[in-house]
Each structure stands twice: as structure tokens, then as C-alpha cells.
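A closer look at the structure
If you want the building blocks of each chain, they are given just below.
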Amino acid sequence: MKGLEEAVGWGESMKVLVIGSGGRDHTIAWKFSLSPRVKKLYVAHGNAGISQIAECVNARSVDEMVAFAATKRIDLTFVGPESPLSAGIVDRFQKEGLAIVGPTRAASRLESSKSYAKLLMRELGVPVAEFEVFDDPDRARDYVRSVGYPVVVKADGLAAGKGSLVCDDVAQAEDAIHQLMERRIFGDSGKVVEIEKRLYGRELSFFSFTDGHSLLPMVAAQDYKRARDNDEGKNTGGMGSYSPHPWLTEEMSQTIMDRVVQPLVVGFREKTGIVYKGIIYAGLMLVEENNEIIPYVLEINIRSGDPEDQVILPRLENDLVDVSEAIIQERLHEVKPQWNPDYRLCLIAVSGRTKGKKGWYKGYPERYKIGVPITGLENVDPECLVFHSGTGFGESGQLITTGGRVLCVVSRGTTLAEAREIAYREMGKIHFNGMYCRSDIGKE
Ligand code: AMP
Ligand code: GLY
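Note that the coordinates shown come from a computational prediction; the quantities given were computed from them, not determined experimentally.

1. Structural notes on the overall build of the chain
Summing up its helical and strand segments, the chain has 13 helices and 24 strands in all. Rg of the C-alpha trace for the chain: 21 Å, near the compact-globule value of 22 Å for 444 residues, within the 12% margin. Overall size of the chain, expressed as C-alpha extent along the three principal axes, is 60 × 55 × 45 Å. By residue count, 60% of the 444 residues in the chain fall in the buried class. Across the chain, contacts joining residues at least 24 apart in sequence account for 69% of those joining residues at least 6 apart. Summed over its atoms, the accessible surface of the chain is roughly 18800 Å², and 46% of this surface lies on carbon and sulfur atoms. Computed over 55 positive and 62 negative side-chain charges, the separation of the two mean positions in the chain equals 6 Å.

In C-alpha cells, the structure reads:
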């Protein structure tokens, strides 16, 4: 096998491949498209919006992605979503001497098993809520009846951000156990559940780059997980976001690095020998306890966030090729990230409640209709960014919906209020039947 540095055609005219097809992946591709070092940009498998800035490649399995990258002699591959990472895409690319950014299959365990990650963090002294892990629904029910506080019931495996059921009381917790473990609404991901104490505080999504040795804090974003205004409704993959996050002071960033990210990445390596490289995402609840703010970890993800990347990458002033190169070559300590201080706000439009042939669709994150024409994009102020999640082209080439989250508008303002006003104004120019947005994104 060639050494990675040797294999990489690092230079000024690179061929870059982004893996993914959602809004985050569109944002990653857009960021690479700004790099003077990128000559040709491919995305596997992309969507209608992505096809306007990159060549979309119909490679869906890891095998097809490896074959494509080898044939086209791709210089650099960057992975957006967790599933190819957990399926071992990084290991496969490395075996072929192809440069790729992301953690290996073994390192992906931090996300693909919530219980593994939580047990490890508890052992390492990283703040986590009290929790227990169950593979037997009766024992899980006994537990939620006995604890005396509200809980969150979480599918152990991957569930596209929807596998955590936040419960107000014992009856809801029992129902959550039934849905996940017995009805298996997320399939085998609910074979094992992790049940943890419900925390009350301020959520913050925190990201870091790491080459396995150096850790570089990125910035944070506020994500909105619940489907409805005032944080009501079901958990979704995310309905909107903004950055900077008002609670992320320099001091808070240092506290999170010292208490969460550093001990986790180092402790994981010392315990398992696994070197984690790429982006690490800590989903945190900042909880005030005894006049101190404690960053409790709700979850670890092995990738960047969707829709957090939509507001974070536009703030990054560095070239993403330079950062990627430093991660792969383990020179991250040489990178000085520069972040633009302006606010970015991302407002997501989803496929909402609509009438179908056989009755009503409740809308994302439940059943929704696809194939609905989208209009008005050409009227959006070019100062805003529009990233697509679930879009495609219909038979006559018109833009149509293909998913629950459809697209987003990312605005920019010197204040959060300004960014919010612009995003809602511009989203008002886009239309599709059943379109729904939360009305309180960025409303502090
Ligand atoms: P997770 O899948 O673990 O990221 O959880 C998804 C969402 O559920 C989080 O963003 C929180 O809004 C909520 N959540 C998860 N765990 C807890 C907890 N222990 N207390 C309160 N809310 C939680
Ligand atoms: N916004 C949540 C996630 O990317 O997992």
C-alpha cells in the first residue's frame, strides 16, 4: 500500500468526492466548490440542488463508491453521513490508498451504539445523565416505574436522529419502550434501549476537528430538534439552526474541550487503541448546577450536523481542502481556523400535512407525500444560501420533493434578529404543496 501522503495528489487542481445527499452534504460540497484547489467536484449520490454545483454520481453502496473513486483517481473524499462511516467506508478507501476524511468503522462505534458511548463516557468521567441499558422490555418497564423522574428512551442503534423519545411521565416511557423494543419502529436499532434521566437546560451542538492527536474546537450551533413550535412534537433530524450560539463563550468552549472532547477522544484511544480522525460532534445539554454550567453529553456523533453544518461551514473562512489535508496528514496543529462572527440562520422547509389519495399524510417526521413540485427558488435573494435535502427532478425536469426535509434557506445578519427576519422573508418566496416550517427558529 502506498503511504497516504504519497497517494494524495495534493496540489492545486484536485478531484474531490463528497459522500452524501442531504442538506449538510450540499453545504460540504458548496464549501469545497469555493476552494481554488478543487478542479472537479463529485457527490455520491447528491440531489437536485447539489447537481447544480457538482457532478452527481449514482454510487449508493460502499463498493460502488470505492470503485468510482479508484477509477476516477479521486484525490480527496469527505464523508457527510454516519451510515457509510459505520459501514467501513474509511477502512475500504484507506486500503486502496485513497485519501478520505472521517473515522474508521471501529471508531464509528461512538455513534452506532449509544450504550457503548455512554458506558465509556461514564467510565471516563465525562458528564452524562444517569442511565441504564436494557435488552428486555419488562425490565425496562420496571426501571421507568421505579426511578421517580422523567426519562428519555433511546434506541441503541442508528435511527436518523429520531430514535430518542423524550417522555413526560411513566405512561409515556412505557409506551416508548413498547414502540422501540416490541413494535420495533426503528427495526433492530431498538433491540437494545438506553434509558436516561431527562435533563433540563440549554442544548448546544459542539463540533471539533481531530487528526487523532490534535483536537481543534470548531464553533457551536443551536439546533431545533422538535417538529413543532415551542419545542413540541416529535424529535426530527432538525428543523432549523443558527450560529454563533449565545452560550458558547471562549471559556465554555474550553470547558467542553477539557471535560468532554479531550477525555473522550484520548480515553477512547487509550482504552481501545482506536485513533479517531475527522469531525466529532457532541450533542450537549448545558445544565446549571451549584452556580456552575455543566456540559452533559446527550449523544456523540461521528460526523458534522444537519442542519448545523448549514450555519457553521459558511462561517469558516479557511479552505476545507487545507483542513482536510491537515487531518489526513496529522498536521492539524498547524491549522488556525478563522470564523466569521456574523449570524447564520438556517430555516428548513419540510413535507408537512397534506391530503393524499388514501387520506391525510401527517407530514415529517411521520408519513409524507413526495413528488410535489417546488416553485419560487429563482426569487430568493442571492445573498442567501439555499441547500437541498430531499429534492429531485420530475419527468419533465421540474424540481420536486423527494424527502421529509426538503430544502433550507440560510441567511446572514449582524444580529440574530436580522438573520431571522431575512430567512423567513426569503423562505416566503418558495412554495410547494404541504410545505411547513417552524415559525420560531431563532426567536430567543
Ligand atoms: P439524541 O438522539 O440523544 O441526540 O437525542 C435527541 C434529542 O432528544 C436531543 O437533542 C434532546 O432534545 C432530547 N434529549 C436526548 N436526551 C435527553 C435528556 N437526557 N434530557 C432531555 N432531553 C434529551
Ligand atoms: N442535527 C442533528 C444531527 O445532525 O444529528
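2. Focus: the pairing of strand β23 (residues 405-413)
By the criterion of burial, β23 is predominantly enclosed, with eight of the nine residues buried. Two strands pair when backbone bridges link them, and strand β17 (residues 343-351) and β23 are joined in this way by eight bridges, in the antiparallel orientation. Bridged to L347 within β23 is V409. Relative to β23, strand β20 (residues 385-388) is paired through four bridges, and the arrangement is antiparallel. Pairing of F387 across the sheet is with C408, part of β23.

3. A look at the site of ligand 1
In the vicinity of ligand 1 there are 15 residues, among which S164, E196, L199, E203 and E299 approach most closely. Within the backbone of L199, one N or O atom sits 2.8 Å away from a nitrogen atom of ligand 1. N235 places a side-chain nitrogen or oxygen 3.2 Å from an oxygen atom of ligand 1. Here ligand 1, which alone exposes 470 Å², has 95% of that area covered by the protein.

4. Things to note about the packing of helix α2 (residues 23-33) against helix α12 (residues 320-328)
The interhelical angle for the contact between α2 and α12, taken along N-to-C directions, is 105°, at an axis separation of 8 Å. Relative to α12, the element α2 is oriented roughly perpendicular. Between α2 and α12, the contacting residues are I28, K31 and F32 on the first element and L320, V321 and S324 on the second. In the contact of α2 with α12, the residues fall into four nonpolar, one polar and one charged.

5. Focus: the site of ligand 2
In the vicinity of ligand 2, the contacting residues are D223, K225, G237, Y281, N301, R303, G305, D306, P307 and E308. Here an oxygen atom of ligand 2 and a side-chain polar atom of R303 are 2.9 Å apart. In the complex, 94% of the free accessible area of ligand 2, which totals 200 Å², lies under the protein chains. Residues of the shell around ligand 2, tallied by class, amount to two nonpolar, three polar and five charged.

6. Quick word on the layout of surface pockets
Counted as a void, the second largest pocket has a volume near 600 Å³. Forming the boundary of the second largest pocket are 20 residues, of which L165, Q179, I185, K234 and N235 lie nearest the centre. Counting only elements with at least two residues in the lining of the second largest pocket, the list comes to β8 (164-166), α9 (170-182) and β13 (232-235). Of the residues forming the lining of the second largest pocket, the biggest block, four residues, is contributed by α9.

Cut-off values and rules
Residues numbered from 1 in each chain as written. Chains lettered and ligands numbered in written order. Predicted model: local features only at pLDDT ≥ 70, side-chain atom pairs only at ≥ 80, totals over all residues. Heavy atoms only, no water. Helix = DSSP H or I, 4+ residues; strand = E, 2+ residues; numbered from the N terminus. Rg over C-alpha atoms; globule rule 2.2 N^0.38 Å. Buried < 20%, exposed > 50% of the residue type's maximum accessible area, 1.4 Å probe, protein only. Contact = heavy atoms within 4.5 Å. Areas by Shrake-Rupley, 256 points an atom, 1.4 Å probe, with all protein chains shown as cover. Lys, Arg positive; Asp, Glu negative; His and termini not counted. Charge placed at Lys NZ, Arg CZ, Asp CG, Glu CD. Pairing = 2+ DSSP bridges. Near = heavy atom within 4 Å. Polar contact = N/O pair within 3.5 Å; in protein donor to acceptor, adjacent residues only side chain to side chain. Axes fitted to C-alpha atoms, helices over the stretch in contact; angles between N-to-C directions. Parallel < 35°, antiparallel > 145°, perpendicular 65-115°, else oblique. Nonpolar A, V, L, I, M, F, W, Y, C, P; charged D, E, K, R; others polar. 1 Å grid on protein atoms, 1.4 Å probe; cavity = no way out; pocket = protein on both sides within 12 Å on 5 of 7 lines; lining within 4 Å. Points joined across faces, edges and corners; volume = space filled by probe spheres on them.

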